[in-house]
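Each chain, written out:
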Amino acid sequence: MESSLPDLEAILLVGGQGTRLRPLTLGTPKPLLPTAGVPFLAHQLARARSFGVRRIVFATSYKASMFEPVFGDGAAFGLSLEYITEETPLGTGGAIRNAAEALTSGSDDPVLILNGDILSGHDIGDQVRTHCERGAAVTLHLTEVDDPTRFGCVPTDESGRVTAFLEKTPNPVTNRINAGCYVFTRSVIDSIPRGEVVSVERETFPGLIDSGELVLGYADRTYWLDVGTPAAFVKGSRDLVLGRLDSPAMPGPQGEHLALEGAEISAEAKVQGGSAVGARAVVEAGASVVGSVLCDDCVIEGGATVQDSVVGKGARICAGTVVRDAVIGDGAVVGPGNELQGGVRVWPGIELPECAVRYSSDV
Ligand code: GDD
Ligand code: MG
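Residues numbered from 1 in each chain as written. Chains lettered and ligands numbered in written order. Predicted model: local features only at pLDDT ≥ 70, side-chain atom pairs only at ≥ 80, totals over all residues. Heavy atoms only, no water.

As annotated in an unreviewed UniProt entry, the protein chain carries the name Sugar phosphate nucleotidyltransferase and comes from Nonomuraea spiralis.

Quick look at the structure:
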């Protein structure tokens, strides 16, 4: 059972550069990329609100000025939002310490900290309650993944106490990882050095563990995804559209596809597998779009196939083209007959000419 808490404050970490999602993040920060029809963060904000979070401080750095025009004062979400910007990126710990200047919570109060690129189905209310009941310094949400080397590996003892924090170790001791949602007791945030570059993963958590503070793990097996790579980003949007994870921020019903206002999908086109079709995007007769994100104003011509890919704003995929596991930047044009697969990325504005190669065995 999910349950809410009275008037919880949160800090949302949204200052990263989103390097692994280039070229999508060249013009738009990762947390604002369109995901199941809305900026990614809308899902996290609506979900936090549903657990009783009332006030969120955004810790911004990369493309900092782009957040407030999108979310404003938060009233549309029933939230009160503040924006705090680092002049130079301070790392995860430095960002939390910096943003804490805008908190109103007292030193014994729990404060929620969220990485800004996570979709999670876990019960935030239960995590906070566990933190308070056990009197922990920090309580980390933990999940299990197949490849822990890309995350923070977090072993615990049988009481749930975290015994080590091993960020991106090549030799993980467990598949249980840091899921990027923490409850900090406010006074612990205030003990992070101010105005310095600090990593919570490499400095704060190991330091707290070494000094005997209670760092607690809150493990569960609900839906969890870090959308930091192109494949994961497309999967996140797809899973939301298909209803594998519920989100109060969905702009339309869940199903095979979601189409935003002004999208034109031919009755003779196939659009399925949780595809999101942006505003005014066009999918012509005979095109096939599966499990993909089509951004606003893009065009998929007849006979083109787009699968598990992102097609940027205003981009055009010409007739007979195959785009699979690829990222097509804003305004790019993929000429007829091209085949782009296996993680290919096309930079914004690039025009790939028609593919003139003809295969023949009788040379
Ligand atoms: N304000 C600010 N300033 N935010 C930052 C900074 C900074 O200097 N650096 C990173 N962030 C934000 C990012 O925007 C993101 O929301 C969050 O901090 C985590 O950064 P990522 O770049 O996404 O880290 P990661 O995915 O490699 O690893 C982190 O998340 C994993 C779970 O997804 C770590 O916390 C791992 O331990 C964890 O397993
Ligand atoms: Mg991440």
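So, the domain arrangement of the protein chain: which residues are in play, and what are the values?
Domains assigned within the protein chain are domain 1 (9-226) and domain 2 (256-352). When each unit is reduced to the centre of its C-alpha atoms, the spacing between domain 1 and domain 2 is 33 Å. Counting residues at the interface gives 10 residues for domain 1, matched by 13 residues for domain 2. Here domain 1 meets domain 2 over a buried area of about 790 Å², counting both sides, of which 72% is carbon and sulfur. Run the count over domain 1 and domain 2 and you get zero salt bridges. Across the contact surface, domain 1 and domain 2 share two residue pairs in polar contact (both at pLDDT 80 or more). Of the residues belonging to the side of domain 1 that touches domain 2, the class tally is six nonpolar, two polar and two charged. (Domains from an automatic or database assignment. Contact = heavy atoms within 4.5 Å. Buried area = accessible area lost by both parts, 1.4 Å probe. Salt bridge = Lys/Arg side-chain N within 4 Å of Asp/Glu carboxyl O. Polar contact = N/O pair within 3.5 Å; in protein donor to acceptor, adjacent residues only side chain to side chain. Nonpolar A, V, L, I, M, F, W, Y, C, P; charged D, E, K, R; others polar.)

Please give an account of the site of ligand 1 that cites residues and values.
Neighbouring residues of ligand 1: 27 residues in total, closest Leu13, Glu167, Asn178, Glu201 and Asp226. Gly16 is positioned such that a nitrogen or oxygen atom in its backbone is 2.8 Å from an oxygen atom of ligand 1. The side chain of Glu201 places a nitrogen or oxygen atom 2.6 Å from an oxygen atom of ligand 1. Within the complex, the protein chains bury 90% of what would otherwise be the 740 Å² of accessible surface of ligand 1. At three residues, helix H3 (residues 91-99) tops the list of elements feeding residues into the shell around ligand 1. Taken together, the residues that form the shell around ligand 1 break down as 11 nonpolar, eight polar and eight charged. (Near = heavy atom within 4 Å. Areas by Shrake-Rupley, 256 points an atom, 1.4 Å probe, with all protein chains shown as cover. Helix = DSSP H or I, 4+ residues; strand = E, 2+ residues; numbered from the N terminus.)

Let's hear about the coordination of the magnesium ion (ligand 2): which residues, and what values?
Ideal donor angles around a metal are set by the shape: a four-donor tetrahedron calls for 109.5 degrees, a six-donor octahedron for 90 or 180 degrees. Taken together, Asp117 (OD) and Asp226 (OD) make up the full set of protein donors to the magnesium ion (ligand 2), lying 2.1 to 2.3 Å away. Of the two residues, Asp117 sits in the loop between strand E6 (110-115) and strand E7 (118-120) while Asp226 sits in strand E13 (residues 224-226), which places them 109 residues apart along the sequence. For the pair Asp117 and Asp226, one class covers both residues: buried. (Donors = N, O, S within 2.8 Å, 3.2 Å for Na, K, Ca; no water. Buried < 20%, exposed > 50% of the residue type's maximum accessible area, 1.4 Å probe, protein only.)

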